[in-house]
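# Structure at a glance
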Amino acid sequence: MMAKRIPLLVPDLPNQSDLTNYLSLIDASRWYTNFGPLVKRFEAELAQEFALQSSNVTPWLTTVANGTLALELALTAMRLPTNATVLIPAFTFVATASAVVRAGYKPVIADIDVGSWLLTPAIALAAMKATRVDCVLPVAALGCPVPVDEWDDFHAQTGIPVLIDAAGAFGNQHIGKRTVVAFSLHATKALGIGEGGLVVSHDQSIIEKVRRLSNFGIDVNTGYAPEIGTNAKLSEYHAAVGLAALQRWPAQRARRLALHRQYVETLSRHHASIGFQIRPIEGIYTILQILLPLGVDRAKVQKKLAGNGIDTRTWYIPMVQESPAYQQMVCSTLENAQLLAPRMLGLPFHLDLIDTDIERVGETLVESLAQI
Ligand code: T4K
């Protein structure tokens, strides 16, 4: 008999009963979008959440329709020079690069650190010797937070603005004094609301500009549009899901922290040669991508796991520069990214997993590695 299927990712959003009260508020107000009361309340509660993380200093923030638009509008608001080049890592979701192009700039692709799988200030400084860099866009890859203090120092030292793509790092990523941070609230993220995004910064003017850009560029005080914007507003329905999601957040957060710790411990116990991204063990993640031992055929491991009902896939692979649209945009050798990518394998990681599922993933991996 085929073993029970273990799916790769199961989103965890509020259910119908969690939403009822908020939907009643929409029915009563007859207000559905355009910065309505639930969007404002959701933003206020999110701001409190960030204040808790940063010693009670509340940053400015604005919601948008998704994480890709959060990046695109933040880049537009940062007023980079015409034809600016924006440094991004090779190891990221393609939306990082597409947001740069859609904002009117040129992405330049750099390598990642071999341990954290992140673009670091040291890599950015090295890239700047080979190419012009007007902005750096480090990515919190697979939810691993980007060290904001180091990027604040980078900005102070070089004057180059830094936008952090923290699409998958809500709950992990701090904001920093000088950085602008974009989050995704997509269904697959820790605080999922279906589709949604967020731009957060201590720079009030950037956030006000992103908000204006998300509303066609219109200044609500004058009715005129000083610049060309788009429609990237969050609806009241999405805000309702967001408010319900925030109610569940402390409990879901604790469950995700425990899941990550248990998973890493179980896999390490099963097979010492499995590698991990160096990221805080006390983190809130929705993706776990391991590093197979050198020389192992990933396709064979995937086949073996699939035969035991275990879903796998690779995240951010093919890498950005491997897509035809971005092939010309590499600025230096991508040695680490190219060494690591063929060994990466995404395993099931979600809150429906029970202890025996995690054990089964570990045992099947050990068997497949022994056979290959
Ligand atoms: N920057 C970075 C670094 C990002 O990772 C992302 C998005 C962005 C920017 C842009 O943010 P958004 O504009 O998306 O807000 C998924 C997500 O759609 C995407 O949000 C995410 N990163 C990316 C890493 O993954 P796909 O095309 O790989 O998703 P898909 O449809 O294959 O689903 C992934 C898994 O989740 C599957 O196993 C199926 C399961 N799933 C998915 C959905 C949507 C469900 O079970 N139910 C669902 O409703 O992009």
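Residues numbered from 1 in each chain as written. Predicted model: local features only at pLDDT ≥ 70, side-chain atom pairs only at ≥ 80, totals over all residues. Heavy atoms only, no water.

## Looking at unusual backbone geometry
Put simply, the test is: Counting from the N terminus, the helices are DSSP H or I runs at least four residues long and the strands are E runs at least two residues long. Only protein chains enter the area calculation, which uses a 1.4 Å probe; residues under 20% of their type maximum are buried, those over 50% are exposed, and those in between are partly exposed.
Each neighbour pair has its own omega, and for Ile317 with Pro318 the value is 5°, a cis peptide bond. Following the sequence through the fold, Pro318 ends up in the loop between helix H9 (298–307) and helix H10 (335–340). Residues other than glycine seldom take positive phi values, yet Trp117 does so here, at roughly 65°. Relative to the elements of secondary structure, Trp117 occurs in the loop between strand S3 (106–110) and helix H5 (121–130). Residue class for Trp117 comes out buried when judged on its relative accessible area of 1%.

## Quick notes on the packing of aromatic side chains
In plain terms, the rule: Whether two aromatic rings pair depends on their centres lying within 6.5 Å, for rings of Phe, Tyr and Trp, where Trp uses its six-membered ring; planes under 30 degrees apart make the pair stacked, over 60 edge-to-face, and the rest tilted.
Taken as a whole and assessed by the stated rule, the structure comprises nine aromatic pairs. Taking 5.7 Å as the distance between ring centres and 85° as the angle between the ring planes, the aromatic pair formed by Phe50 and Phe170 counts as edge-to-face. Highlighted residues: Phe50 in helix H2 (residues 37–53) and Phe170 in the loop between strand S5 (163–165) and strand S6 (180–184), separated in sequence by 120 residues. Residue classification places Phe50 among the buried residues on the basis of a relative accessible area of 0%. The interplanar angle of 90° and the centroid separation of 5.9 Å between the aromatic rings of Phe91 and Trp117 together place this pair among those described as edge-to-face. One end of the pair, Phe91, is in the loop between strand S2 (85–89) and helix H4 (94–102); the other, Trp117, is in the loop between S3 and H5, and 26 residues separate them in sequence. Of the two residues, Phe91 and Trp117, both sit in the buried class. Of the aromatic side chains, those joined through ring pairs into one cluster are Phe50, Phe170, Phe183 and Trp249.

## Side note on the sheet that holds strand S1 (residues 60–64)
Spelled out, the test is: Strand pairing is assigned whenever DSSP detects at least two bridges linking the two strands. Here the axes come from fitting lines to C-alpha atoms, over the contacting stretch only for helices, and the angles between their N-to-C directions go from 0 to 180 degrees. The criterion used for residue contact is that any of the two residues' heavy atoms lie within 4.5 Å.
Reading across from one edge, S1-S7-S6-S5 is the order of the four strands in this open sheet, with mixed pairing throughout. The two strands at the open ends of the sheet, each matched to only one other strand, are S1 and S5. Pairwise comparison of adjacent strand axes, ignoring direction, gives a mean angle of 20° for this sheet. In terms of strand pairing, S5 meets S6 through three bridges, oriented parallel. Across the sheet, Leu163 pairs through a bridge with Val180, a residue of S6. Against the sheet, H2 engages S1, S6 and strand S7 (197–201), with an angle of about 135° to S1.

## A short note on a nonpolar patch on the surface
Spelled out, the test is: Patch construction takes residues with relative accessible area above 30% that form no salt bridge. Like charges are linked within 9 Å, and nonpolar side chains (Val, Leu, Ile, Met, Phe, Trp, Tyr) are linked within 5 Å. Methods summary: accessible areas were calculated by the Shrake-Rupley approach with a probe of 1.4 Å, and residue burial reflects only the protein chains presented. Whenever a carboxyl oxygen of Asp or Glu lies within 4 Å of a side-chain nitrogen of Lys or Arg, that contact is scored as a salt bridge.
Where nonpolar side chains cluster on the molecular surface, the patch consists of Leu23, Tyr32 and Tyr237 and spans about 270 Å² of accessible area. By the secondary structure assignment, Tyr237 is in helix H8 (residues 236–270). Of the residues examined, Tyr237 reaches a relative accessible area of 41% and is grouped as partly exposed.

## Description of the layout of surface pockets
Where empty space is left can be seen by rolling a probe of water-molecule size over the atoms. Basically, it comes down to this: Using a 1 Å grid laid over the protein atoms alone, points where a 1.4 Å probe fits but cannot get out form a cavity; open sets with protein on both sides within 12 Å along at least 5 of 7 lines form a pocket; any residue with an atom within 4 Å of a point counts as lining. Grid points are joined across faces, edges and corners, and a volume is the space filled by probe spheres set on the points. The residue classification treats Ala, Val, Leu, Ile, Met, Phe, Trp, Tyr, Cys and Pro as nonpolar and Asp, Glu, Lys and Arg as charged. All others, Gly included, are polar.
What the largest pocket holds in volume is close to 530 Å³. As for the largest pocket, its lining consists of 28 residues, and the residues nearest its centre are Phe93, Ala167, Ser184, Thr188 and Lys189. At the level of elements, helix H3 (67–77), H4 and S6 are the ones that each hand at least two residues to the lining of the largest pocket. The residue inventory of the lining of the largest pocket, partitioned by class, reads 13 nonpolar, 11 polar and four charged. Quantified by volume, the second largest pocket comes out at close to 190 Å³. Taken together, Phe35, Glu208, Arg211, Arg212, Asn215, Ile218, Asp219, Val220 and Asn221 form the lining of the second largest pocket. Here the lining of the second largest pocket is built from residues that sort into three nonpolar, two polar and four charged.

## Considering helix H1 (residues 16–29)
Defined as follows: In this scheme, a helix's expected span is set at 1.5 Å multiplied by one less than its residue total. Bending is quantified residue by residue as the angle between axes fitted to the seven-residue window ending at that residue and the seven-residue window starting at it.
Between its first and last C-alpha, H1 extends 20 Å over 14 residues, near the 20 Å set by a 1.5 Å rise per residue. At Tyr22, H1 shows its maximal kink, close to 30°.

## Observations regarding the site of the ligand
For the record, the criterion: Note on terminology: near, applied to a residue and a molecule or strand, indicates that one of the residue's heavy atoms is within 4 Å of it. As used in this structure description, the phrase polar contact means that two N or O atoms lie within 3.5 Å; if the pair is within protein, one of them must be able to donate a hydrogen and the other to accept it, and residues adjacent in sequence are counted only when both atoms belong to side chains.
Within the structure, the ligand sits among 20 residues, and Gly67, Thr68, Asp165, Ser184 and Arg313 are positioned closest to it. Contact between the ligand and His186: an oxygen atom at 3.2 Å from a side-chain N or O atom of the residue. A distance of 3.0 Å separates a nitrogen atom of the ligand from a polar side-chain atom of Lys189. For the ligand, the protein covers 69% of the area, taking 920 Å² as the surface of the free molecule.

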